[in-house]
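For reference, the chains in residue letters:
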Amino acid sequence: MLTLGIETSCDETSVAVVEEGRLIRANVVSSQIELHAPYGGVVPEIASRQHVRVISQVTARALRDAGIGMEHLSAVAATQGPGLAGALLVGLNFGHGLALALDVPFIPVNHVEGHLHSIWLTSQSLFPPEPEMPLMALVVSGGHTQLVLMRDHGDYQVVGRTLDDAAGEAFDKVARLLGLSYPGGPAIQAAAAEAQSPVNVPRAWLPDSFDFSFSGVKTAVLHLLYEIAEGKSPHQIRGKALPRVDLAARLRRQQIADLAAGFQESVVDVLVTKTSAAAARYDAKSVAVVGGVAANQALRQRMTAVIHTPLHISPPEFSTDNAAMIAAASFFVPRPAENDDVDVLPSLALTTT
Ligand code: KG4
Ligand code: ZN
């Protein structure tokens, strides 16, 4: 069975062809990073319009890479939510129209369920063994930070979530404070690699809970930045708002690197410790780390060192948004659209079938 997957929930236009839900025959990702970089974040209208411009070409390229014609497709799947409404509409409508024309099922997919299935993907035609369930999955991206107990395909329990910023969002915001480029995750990782003595950044543990909080860590970095730039604590200027701009410009490259590394260590420490504790608490047979932040080298290394059950971390190209994971999810949890009545769901939660 060959599935065409389509992903347009944010700033990547991606189309993939996946065989039997696992074998990647093609996965084309057209990134919009350069269009959004000047704004320091994704601009929804620019995102939607760019998806419209490139989706046909990206689809044609995916079919060419897979060496197939449209007539070989058995199903079309597209992200329904969560994500930016206007961006989602482009992929959902394009995929729905294609499925109608081809007379094959159209399967709307939950984006987070897609991330969860990224660890089923393989490029080897001799499929490696499937991850064992129940599985404790850490979903860490720009929009999500959740610990999900996956008992089966389509059977999920969210056991922890962020109460404020997502981990990737924290990387992006802290990168902006430090004067680093967008997206912040790779920029902070690169800066942290030059650190000599990482600054001690506090951890937000939220004891007795598998929930997360990252906005306080971001504020802590702002205060540390202020202290280093001004040589005094922000508490000494009570009553005045902290100046946010140009603080980073007053620091040396080495000081930025040490702050970036301290922030990264704080986030990684909390993510790894909570994932490990949740896996033990729910007797998980394996652990997964998926989503854009799973591309982070420090997180990958710490997870590998600490987790003793079989560990599945999606490779960097399948950690960030891609359509192969959408096709995979649609194969394992086939929920075809009924009566052709489908709409985007920008706040779609992870639900059990
Ligand atoms: O999964 P994704 O592509 O999109 C969402 O569904 O949100 O994740 C994007 C996020 C961004 O916040 C980006 O800064 C972060 O993943 N990211 C990283 C790294 N690569 C991407 N964060 C930390 N380290 C990285 N190497
Ligand atoms: Zn994502």
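As shown above, the structure is provided for reference.
Residues numbered from 1 in each chain as written. Chains lettered and ligands numbered in written order. Predicted model: local features only at pLDDT ≥ 70, side-chain atom pairs only at ≥ 80, totals over all residues. Heavy atoms only, no water.

## Thoughts on the nonpolar core
In terms of nonpolar packing, the biggest core is built from 51 residues, with Phe 263, Leu 271 and Leu 299 touching the most fellow members. At the level of elements, β6 (135-140), β7 (145-152), α5 (167-177), α6 (184-192), α7 (215-230), α8 (253-281), β9 (286-290) and α9 (297-306) are the ones that each hand at least two residues to this core. When residues in this core are grouped by element, the largest group, twelve residues, is from α8. Residues Val 54, Ala 66, Leu 98 and Phe 106 belong to the second largest nonpolar core, which totals 26 residues. (Core = buried A, V, L, I, M, F, W, Y, C linked by side-chain atoms within 4.5 Å. Buried < 20%, exposed > 50% of the residue type's maximum accessible area, 1.4 Å probe, protein only. Helix = DSSP H or I, 4+ residues; strand = E, 2+ residues; numbered from the N terminus.)

## Description of the sheet that holds strand β3 (residues 23-31)
One open sheet holds the five strands; their spatial order is β3-β2-β1-β4-β5, and the pairing between them is mixed. Each end of this open sheet is capped by a strand with a single partner; those strands are β3 and β5 (106-110). Here the average twist between neighbouring strands, direction ignored, is 20°. Across the face of the sheet, helix α3 (residues 85-102) comes into contact with β1 (2-7), β4 (75-81) and β5 while running at roughly 155° to β4. (Pairing = 2+ DSSP bridges. Axes fitted to C-alpha atoms, helices over the stretch in contact; angles between N-to-C directions. Contact = heavy atoms within 4.5 Å.)

## Here we look at the site of ligand 1
Around ligand 1, a shell composed of 20 residues is seen, among which Gly 142, Asp 172, Gln 189, Asn 296 and Asp 321 lie nearest. Ser 141 has a polar side-chain atom sitting 3.4 Å from an oxygen atom of ligand 1. Surface burial for ligand 1 is 89%, taken as the share of its 560 Å² of free accessible area covered by protein chains. Under a 2 Å grid-point criterion requiring more than half of the atoms, the pocket assigned to ligand 1 is the largest pocket. Elements represented by at least two residues in the shell around ligand 1 include exactly α4 (111-117), α5 and α6. (Near = heavy atom within 4 Å. Polar contact = N/O pair within 3.5 Å; in protein donor to acceptor, adjacent residues only side chain to side chain. Areas by Shrake-Rupley, 256 points an atom, 1.4 Å probe, with all protein chains shown as cover. 1 Å grid on protein atoms, 1.4 Å probe; cavity = no way out; pocket = protein on both sides within 12 Å on 5 of 7 lines; lining within 4 Å. Sits in = over half its atoms within 2 Å of the grid points.)

The values are spatial; any link to function lies outside them.
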